[in-house]
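Structural description and commentary
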Amino acid sequence: MSNYEHSFGLDQNRETKRETPAPASAVATNLQHPSYEPPVGFNAVQPATHRASTVIFPNVAAMRSRDWRQKNGYTYGLHGTPTTFTLEARLAAIEGARHCILCPSGLSAIALVDLALVGQGDAVMLPANVYGPSRELAERLLTGWGITVQIYDPLDLVATRAAITQHTRLMWLEAPGSVTMEMPDLVALIRLAREHSVVTALDNTWSAGIALKPFDLGVDISMQALTKYQSGGADVLMGSVTTRDDALHERLLYAHMRLGLGVGGDDASLVLRGLHSLALRYGAHDASARRVAAWLQTCPEVQTVLHPALPGSPGHANWVRDCSAAAGLFSFTFKPWVQEGQVDAFVDALQLFKIGYSWGGPVSLVVPYDMKGMRGDSWAYASPVVRLNIGLEDADDLIADLAQAMRACLR
Ligand SMILES: *Cc1c(COP(=O)(O)O)cnc(C)c1O
């Protein structure tokens, strides 16, 4: 009998006695109780993928004394496994947080923050350029539950201050805002919220915890769609909610438990694997995106390139002050003489850029967005806005693709 067989509970004697099979009932029981011992000294680079709903207690006393909120042990798969706790600890370390909670998607992480912190009679503030489904959640569901939703202009501090009421409990921040890529003055907004005892929650997906350190800026809660850069493969959905504040974490954790928002070990493993290359990929996306953005600025058809690292882009000075890098995501607009139908034809003519939602994955993506519904009359640029996710292709090939689509559709 080899060690390998021993460690996986294969009993050589039982294997050779095949002519007298065990009764079906014993097989059914034995299948659930193999003599498996985890291999001692198997110190692999990747943590094991633990899958569990049930976690077995040695006795009733151990079961009764187990507190599901404490992450020094295990209670039930929904409350965490060694795999999800490992991922939570690593994500908290990246952002400089004390606590991390995983959710099945970025949007469910947003919902968790909303449902944990605001209730009937309260008000929540969302920037006008907030991630679209977050606004849908607020305006379509939260309002129905007696919660007031206040949409604010993240670049207008005077109006934002005036919008805060005694009922305001939560202010969402996004840096930069979705699609418009406007970089708000986070320091000033956080100070404003603090002055009114309003909790701040930053959608930190764009920075991946690399370009921006939310807790050093004073943010109370950071939320991320791990679906984007942490996964990196365009094949996992997951979200995180991190904080340094013990009391806030407890409120979030209770809501997380009551809503049943746990994640499975397989998905957590995929994200853990992605984390190893997160910084390298982020840097590569950033470098390529800046090259493509700089090239677009030279195109006579292009009116504005909305990329926070480019001088002249809205909130660029805030990016310089608060960020150390930029993601591979940015937007641009065409000159007014380019018709809306031509923009669609341009997007259709792209070969390497695929049409699809999400970002942070290996393949470059493109989506045209109508800005009228999003930013209203305060939108100073042309509409539609074309948003690019720069993937891991060669930047020169991406530029050539954009150039051929412009030649085909815009002249
Ligand atoms: C994608 C995204 C989300 C939501 O993430 P999902 O995992 O797709 O639900 C939230 N915020 C921002 C800024 C995003 O881009």
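Residues numbered from 1 in each chain as written. Predicted model: local features only at pLDDT ≥ 70, side-chain atom pairs only at ≥ 80, totals over all residues. Heavy atoms only, no water.

1. Quick word on the packing of helix H6 (residues 106–117) against helix H10 (residues 246–259)
One can describe the packing of H6 onto H10 by two numbers: an axis separation of 9 Å at closest approach and a directional angle of 110 degrees. In terms of orientation, H6 lies roughly perpendicular with respect to H10. Between H6 and H10 lies a crossing whose hand is right-handed. Contact residues: Leu112, Val113, Leu115, Ala116 and Leu117 in H6; Leu248, Arg251, Leu252, Ala255, His256 and Leu259 in H10. (Axes fitted to C-alpha atoms, helices over the stretch in contact; angles between N-to-C directions. Helix = DSSP H or I, 4+ residues; strand = E, 2+ residues; numbered from the N terminus. Parallel < 35°, antiparallel > 145°, perpendicular 65-115°, else oblique. Left-handed = near helix turned anticlockwise from the far one by under 90°. Contact = heavy atoms within 4.5 Å.)

2. Structural notes on the pattern of salt bridges
Taken as a whole and assessed by the stated rule, the structure comprises 14 salt bridges. The partner of Glu88 in a salt bridge is Lys71, with the nearest N and O atoms 2.7 Å apart. Highlighted residues: Glu88 in helix H5 (residues 82–95) and Lys71 in the loop between helix H4 (60–65) and H5, separated in sequence by 17 residues. Across the pair Arg291 and Asp396 runs a salt bridge whose closest N-O atoms are separated by 2.4 Å. Here Arg291 is found in helix H12 (residues 278–297), whereas its partner Asp396 is found in helix H16 (residues 395–409), with 105 residues between them in sequence. Overall, the relative accessible area of 41% leaves Asp396 in the partly exposed class. What you see here is one network of salt bridges that share partners, running through Asp67, Arg69 and Glu250. (Salt bridge = Lys/Arg side-chain N within 4 Å of Asp/Glu carboxyl O. Buried < 20%, exposed > 50% of the residue type's maximum accessible area, 1.4 Å probe, protein only.)

3. Here's the deal with the domain arrangement of the chain
For the chain, the assigned domains are domain 1 (1–43), domain 2 (77–275) and domain 3 (278–410). A straight line from the C-alpha centre of domain 2 to that of domain 3 covers 25 Å. With 37 residues of domain 2 in contact, the opposing surface of domain 3 contributes 36 residues. Across the domain 2/domain 3 interface, buried area totals approximately 2900 Å², and carbon plus sulfur atoms make up 62% of it. Seen at the junction of domain 2 and domain 3, the total is one salt bridge. Looking at side-chain class alone, the side of domain 2 that touches domain 3 contains 21 nonpolar, 11 polar and five charged residues. (Domains from an automatic or database assignment. Buried area = accessible area lost by both parts, 1.4 Å probe. Nonpolar A, V, L, I, M, F, W, Y, C, P; charged D, E, K, R; others polar.)

4. Details of the environment of Leu275
The residue Leu275 is located in helix H11 (residues 265–275) in this model. Leu275 gets classed as buried once you look at its relative accessible area, which sits at 13%. A sequence separation of 185 residues divides Leu275 from Arg90, and the C-alpha atoms of the two residues are 8.7 Å apart. Residue contacts for Leu275: discarding those within four places in its chain leaves Leu87, Arg90, Leu91, Ile94 and Gln230.

5. Quick notes on the sheet that holds strand E8 (residues 302–306)
Taken together, five strands build an open sheet; the order of strands is E8-E9-E12-E11-E10 and the sheet is mixed. What marks the edges here is a single partner per strand, and that holds for E8 and strand E10 (354–355). The pairing of E10 with strand E11 (residues 365–369) spans two bridges and is parallel. Looking at E11, one finds that Lys354 is bridged to Leu365. In the packing of helix H14 (residues 340–349) onto the sheet, the strands contacted are strand E9 (329–334), E10, E11 and strand E12 (385–389), and the crossing angle to E11 comes to about 170 degrees. (Pairing = 2+ DSSP bridges.)

6. Topic: the sheet that holds strand E2 (residues 123–127)
Strand order in the open sheet made by the seven strands is E1-E7-E6-E5-E4-E2-E3, with mixed pairing throughout. Of all strands in the sheet, those bounded by a partner on one side alone are strand E1 (99–103) and strand E3 (148–152). Direction aside, neighbouring strands of the sheet carry axes that sit 20 degrees apart on average. Two elements, strand E4 (residues 168–174) and strand E5 (residues 199–203), share five bridges in a ladder whose sense is parallel. Across the sheet, residue Leu170 finds its bridge partner in E5, namely Val199. Helix-sheet contacts for H5 involve E1, strand E6 (221–225) and strand E7 (239–243), and the interaxial angle to E1 is about 125 degrees. Its contacts with the sheet place helix H7 (residues 132–142) against E2 and E3, and it is angled at close to 150 degrees to E3.

7. Some thoughts on the side chain of Asn204
With respect to the helices and strands, Asn204 occurs in the loop between E5 and E6. The class for Asn204 is buried, based on a relative accessible area of 1%. Only 2.8 Å separates the side chain of Asn204 from the side chain of Glu95, close enough to count as a polar contact. (Polar contact = N/O pair within 3.5 Å; in protein donor to acceptor, adjacent residues only side chain to side chain.)

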